[in-house]
Amino acid sequence: MNISRAKPKRNRRNLTPILVLLLNTGLMWFGFFMLVPLLAVHITRDLLLGAGMAGLVLAIRQFIQQGLGPFAGPIADWAGYSKMMMLGNLVRALGFGWIAVATEPLGLMLGGVVAALGGACFEASGKASLAYYSKGYNRESVFSLSITVGNVGMALGPLVGSMLLKFNFMVVGMVSGGIYVLCFLLILLFVPEIERAEKAQKSVRPGDIFGKLGLVWRNRPFVLVHVLLIGYYFLYVQINICLPLIAVELTGSEDSVSLIFAINSGMAILLQFFSIKLISKWMKPISAIGIGIAFSTVGLFAITFVSNYALLLFCVAIYAFGRLLVDPMAFTLTSRYATEDTLASFFGFSSLALAFGGMAGNLLGGWLYDTGKANGFPVLCWVVFGAVGGLVIIGVIAFKFWEEHYLTSGKVAPQNEILAPSPENE
C-alpha cells in the first residue's frame, strides 16, 4: 500500500487554537484533580457513607465516561468538535456542582453520572480537535506537551483543593465546576469550529452518524492495538489502587502516598516532552508503546523484591517513565489510523480500552492485593502485573510483524493526507 509521505503544511493560524487547547487541557486536569482525590475523604469523613460508596461513585463516573466514548465520538464528527467540547464543559461543571451539594448516595451517583456525560462529550472531541489543528506540526510533540500540561494541572489541583477544603467541600466543588465554565469560554472565544465539520453536518443525516463506527471496527490494526492497550490500562490504574496500598504498608503513613503521585506527575512534567521528541525521531509509535509498556511492567513487577520505601519510589519512577512514553504515542497512533472526518470516532472508540482495562484493574488490583496477603503470598499482585505486562509486550511484538504483512497485502485503505506519517516522524 502506498501512503503519501508529503508533509502537510503548517497553518500558523492554527497556533492560537493549539495553545488554547493545551491550556484547556491543563485547566480541566486542574479542576478534575482539585475535586476527585478529595471526594473519598468527603464521603467518608463528612457524609459518613463509607469507602465503598466513594469507590462506587468513582467507578460509575469512569466507566460511563469511557464507555460512552464510541458514541460521543461520531456525534462530535457530525456536530462539530468545538460544540461538543463546550457542551461537555458545561455538563461537567453541572455534575461537579451536583456532587458538591449532594448529601445522599443517590445524589452523589447522579452527580457522577452527569460529570461522566460531560467528560464523554469533551474527551474524544478535544483530542480530535487537537489532532486536526496540529496538522503540519510534530503530532507526537503536541500530544506529549498536552499530557505534560495536564500533569501540571494534576500536580497543582490536589494542593489547591486541600486549601479550599478548609472552608468546606462545597467550595471545592463550586470552584472546580467554575474551572470548566472558564474552559467553555476559552473554546467559545478562541477555538473556531472546523469548517469540515460544519459541511459534514449539512450533508450527513442524523441517522447515519453511527455508521462511522463500522469504519472504525473494520480497521483491524487499530482495533488490535487497543485490545493490547486494555492490558496496559490494567497496569495504568494501579497508581490509584495497589501502589498507594503498598506505600502505606511500608511506611505506616498515608502521607507517603502523595510522593508517589508527585513522582508520577513530576517525571511527566520534566521528561515527557523531550523524551517523546527524541524517541519519535528513531522509532514508530507502536515500538515506543511497546518500550513504554515494558518499563511500566518492570516497575510494577520489581516491587516483588522491594523491602523499603526508597526502593518502592525507585520502582514507581520506572513505572512512571513507561506511562509517559505510552500515552502520547497511543494518541498519535490513533490519529494516524483515522481519516480527517473520523477523528473523533476513532478517539471515542479508543476510550473503550481504558474503560475495560481500567475497570478490570480497579476491580482486580485490590482483590489480588488482599488475596495475596490473606494466603501468605503478598507479592501475588505484582507477579500477576508482571505476567499481564509480559503478555502485552509479546502481543505488541507479534502485532508489528502482523501489521507489516497486513499493510503489504493492501487490506488497509490509504490514510487521509492530513494523517499521513511525515518523514521526520518515521
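Each value, and the rule that gives it
- Residues numbered from 1 in each chain as written.
- Predicted model: local features only at pLDDT ≥ 70, side-chain atom pairs only at ≥ 80, totals over all residues.
- Heavy atoms only, no water.
- Helix = DSSP H or I, 4+ residues; strand = E, 2+ residues; numbered from the N terminus.
- Buried < 20%, exposed > 50% of the residue type's maximum accessible area, 1.4 Å probe, protein only.
- Contact = heavy atoms within 4.5 Å.
- Areas by Shrake-Rupley, 256 points an atom, 1.4 Å probe, with all protein chains shown as cover.
- 1 Å grid on protein atoms, 1.4 Å probe; cavity = no way out; pocket = protein on both sides within 12 Å on 5 of 7 lines; lining within 4 Å.
- Points joined across faces, edges and corners; volume = space filled by probe spheres on them.
- Nonpolar A, V, L, I, M, F, W, Y, C, P; charged D, E, K, R; others polar.
- Expected span 1.5 Å × (residues − 1).
- Bend = angle between axes of the 7 residues up to and from the residue.
- Axes fitted to C-alpha atoms, helices over the stretch in contact; angles between N-to-C directions.
- Parallel < 35°, antiparallel > 145°, perpendicular 65-115°, else oblique.
- Left-handed = near helix turned anticlockwise from the far one by under 90°.
- Patch = residues over 30% accessible without salt bridge, like charges linked within 9 Å, V, L, I, M, F, W, Y side chains within 5 Å.
- Salt bridge = Lys/Arg side-chain N within 4 Å of Asp/Glu carboxyl O.
- Disulfide = S-S within 2.5 Å.

Once that is clear, we can look at the overall build of the protein. Along the backbone of the protein there are 16 helices and zero strands. Counting every position in the protein, which comprises 426 residues, the buried fraction comes to 56%. For the protein, the proportion of contacts with a sequence separation of at least 24, taken over those separated by at least 6, is 85%. Accessible surface, the protein: about 18,200 Å² in total, of which carbon and sulfur atoms supply 71%.

This part covers empty space enclosed by the protein. Here the idea is plain: a probe the size of a water molecule rolls over the atoms and shows the empty space left. Applying the stated rule across the entire model yields three cavities of 30 Å³ or more. Residue lining of the second largest cavity: Q65, G69, A120, E123, A124, K127, F347, G348 and S351, and that is the complete set. Every element with two or more residues in the lining of the second largest cavity is listed here: α5 (105-133) and α15 (343-374). Here the element with the most residues in the lining of the second largest cavity is α5; it accounts for four residues. Grouping the constituent residues of the lining of the second largest cavity by class yields three nonpolar, four polar and two charged.

Here we take up helix α6 (residues 139-165). Relative to the 39 Å expected for 27 residues at 1.5 Å per residue, α6 spans 38 Å between its end C-alpha atoms, a close match to the ideal helical length. Considering bend angle alone, the principal kink of α6 is centred on L156 and spans about 25°; proline P158 follows within four residues of it.

Remark: helix α1 (residues 15-46) packs on helix α4 (residues 81-101), axes separated minimally by 12 Å, with the N-to-C direction vectors making an angle of 20°. It follows that α1 is roughly parallel to α4 by the angle criterion. Along this stretch, α1 crosses α4, giving a crossing that reads as left-handed. Contacts from L21, N24, M28, G31, F32, L35, V36 and L39 in α1 reach M85, N89, R92, F96 and I99 in α4. Residue composition of the contact of α1 with α4, grouped by class: nine nonpolar, three polar and one charged.

Take the environment of I246 next. Mapped onto the fold, I246 is located in helix α11 (residues 242-251). Dropping the residues within four chain positions of it, I246 is found in contact with I303, L312, Y369 and W382.

Together, L94, W98, V101, L106, L110, M170 and M174 line one region of the surface with nonpolar side chains, adding up to about 660 Å² of accessible area. Secondary structure elements with two or more residues in the nonpolar patch: α4, α5 and α7 (169-190). Counting residues per element, the nonpolar patch draws most heavily on α4, which supplies three residues. With respect to the helices, strands and loops of the structure, L106 is situated in helix α5.

Turning our attention to the side chain of S141. You can see S141 is positioned in helix α6. Look past the residues within four positions of S141 in its chain and what remains in contact with it is F273, I276 and K277.

One pass over the structure, following the stated rule, counts three salt bridges. A salt bridge links E193 to K83; the shortest N-O distance between them is 3.6 Å. Highlighted residues: E193 in the loop between α7 and α8 (195-203) and K83 in helix α4, separated in sequence by 110 residues. By relative accessible area, which is 16% here, E193 ends up buried. In this structure, E123 and K127 form a salt bridge, with 3.8 Å as the shortest nitrogen-oxygen distance. Of this pair, E123 and K127 both sit in helix α5, separated by four residues, roughly a single helical turn. Like K127, E123 is buried.

This part takes up the environment of F305. Relative to the assigned elements, F305 resides in the loop between α13 (285-301) and α14 (309-337). Sequence spacing of F305 and W382 is 77 residues, and the spatial spacing of their C-alpha atoms is 9.5 Å.

Now for the state of the cysteines. Evaluation of the coordinates by the stated rule reveals zero disulfides. Looking at C381, it has no disulfide partner, and the nearest cysteine sulfur is the one in C242, 4.4 Å off.

Between α6 and α14, whose axes approach to 8 Å, the crossing angle comes to 135°. It follows from the interaxial angle that α6 and α14 lie oblique. The handedness of the crossing between α6 and α14 is right-handed. Where α6 abuts α14, its residues R139, E140, F143, S144 and I147 lie against D327, P328, M329, F331, T332, S335 and R336. Split by residue class, the contact of α6 with α14 holds five nonpolar, three polar and four charged.

Here we come to unusual backbone geometry. Positive phi outside glycine occurs at L48, with the angle close to 55°. For L48, the location among the structural elements is in the loop between α1 and α2 (51-67). A relative accessible area of 69% places L48 in the exposed class.

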